[in-house]
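Chains, contacts and geometry: an overview
The residues making up each chain are set out below.
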Amino acid sequence: MSESRTLLGVDFEVCARNEAVARIDRAFVDRQQLKLAFANAHTLNLASERQDFRNALSRFLVFNDGLGVDLASQIKFGAFFPENLNGTDFVPHYLSTTRQPLRIFFLGGAPGVAEAAANRLVPPGSRHDIAGCHHGYFDAGSADGVLAGIRRSQADLVLVAMGNPLQELWIDRHAEATSAPVLMGVGALFDFASGRLPRAPGWVRAGRVEWLYRLAREPRRLGGRYIVGNWKFLRRVARDRASAAPAPSAPTGV
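Residues numbered from 1 in each chain as written. Predicted model: local features only at pLDDT ≥ 70, side-chain atom pairs only at ≥ 80, totals over all residues. Heavy atoms only, no water.

A look at helix α8 (residues 166-178)
Taking 1.5 Å of rise per residue, 13 residues should cover 18 Å, and α8 covers 17 Å from first to last C-alpha, within 8% of that figure. When the local axis directions of α8 are compared, the greatest deviation, roughly 45°, occurs at D172. Residues Q167, E168, L169, W170, I171, D172, H174, A175 and T178 constitute the buried set of α8. Looking at the packing, one finds that the buried side of α8 touches β3 (34-39), α3 (51-57), β5 (103-108), α7 (143-153), β7 (157-161) and β8 (182-185). Directly beyond the C-terminal end of α8, a positive phi value near 65° is found at S179. (Helix = DSSP H or I, 4+ residues; strand = E, 2+ residues; numbered from the N terminus. Expected span 1.5 Å × (residues − 1). Bend = angle between axes of the 7 residues up to and from the residue. Buried < 20%, exposed > 50% of the residue type's maximum accessible area, 1.4 Å probe, protein only. Contact = heavy atoms within 4.5 Å.)

Rendered as structure tokens:
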């Protein structure tokens with residue numbers, strides 16, 4: 001039976017990368033729809049502040065993303081996660097190792113970005129197929145048309161790149177209407193896969209400080225998330241650890 005750990009009210013699946021691949025593949029065999037999220041420190045900050053987001057994540061399989069969540073696990077449970085399962089690296093790994101040939105729908109990003117990411121992630125000759133693509137800049141009035149397009153595509157996997165918490169809330173609200181067996185919230189994956197945004201050098205990623213690279217490139221947009229947000233996250237983790245600690249035993253009389 002798989003292990004889970006609860007951090008700031010969000011339940012995480014504890015598994016190594018290839019175990020995560022098998023866990024997703026099992027959804028196709030069991031014919032049970034699976035909603036998947038990758039949660040980092042920013043995700044947990046948002047979930048702490050928004051009950052609707054926290055409630056939505058309770059209906060997802062959640063994987064650990066980033067150093068902050070790993071440190072939170074060590075502080076609360078005395079153990080790191082087996083591997084870092086950030087979506088930008090895990091999704092390409094999943095597509096290369098899954099036993100399932102998949103029809104994949106790419107939803108999100110600016111116009112043209114989903115198509116560019118799809119062509120990189122599903123190149124000619126791949127055993128997977130591109131079921132369809134649609135940008136993420138559509139309004140509520142267009143949502144029914146987007147859902148109808150996903151259903152017509154007969155997608156097995158829908159990758160949704162709208163950022164937290166929008167992508168998870170969208171998946172939670174519309175998963176059933178897509179008829180897709182598996183839906184994943186993948187954040188900035190399309191921007192990286194398409195080449196619109198550069199990844200940090202390998203040595204930066206190996207040191208697990210890619211967030212510093214992103215902050216240096218986009219300080220105005222990401223300053224609040226990483227500078228203020230990281231301090232908030234650490235305070236919340238400390239409170240989470242304190243609330244989980246066993247209460248001291250009452251003194252006994254002599």
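After that view of the structure, there is still more to cover.
A look at the nonpolar core
In terms of nonpolar packing, the biggest core is built from 39 residues, with F12, L44, L107, V158 and W170 touching the most fellow members. Discounting residues that sit within four places of it in the chain, W170 has contacts with L107, F138, L147, I150, V160, M162, A175 and T178. Grouped together as the second largest cluster of nonpolar side chains are 34 residues, L34, L102, I104 and V182 included. (Core = buried A, V, L, I, M, F, W, Y, C linked by side-chain atoms within 4.5 Å.)

Let's talk about the packing of aromatic side chains
For the coordinates displayed, the defined rule picks out seven aromatic pairs. Between F38 and F90, the aromatic rings sit 5.9 Å apart at their centres with planes inclined by 55°, giving tilted as the arrangement. One end of the pair, F38, is in strand β3; the other, F90, is in helix α5 (residues 87-97), and 52 residues separate them in sequence. An identical accessibility class is assigned to F38 and F90; each is buried. Ring geometry for F63 and F90: centres 5.8 Å apart, planes at 70°, overall edge-to-face. (Phe/Tyr/Trp six-rings, centres within 6.5 Å; stacked < 30°, edge-to-face > 60°.)

Notes on the pairing of β8
Burial along β8 is two-sided: V182 and M184 facing one way and L183 and G185 facing the other are all buried. The pairing of β3 with β8 spans three bridges and is classified as parallel. Residue K35 lies in a different strand from β8, and its bridge partner there is L183. Since β7 and β8 lie parallel, the crossover through α8 that links them has a hand, and here it is right-handed. (Pairing = 2+ DSSP bridges. Right-handed = clockwise from strand over helix to strand, strands pointing away.)

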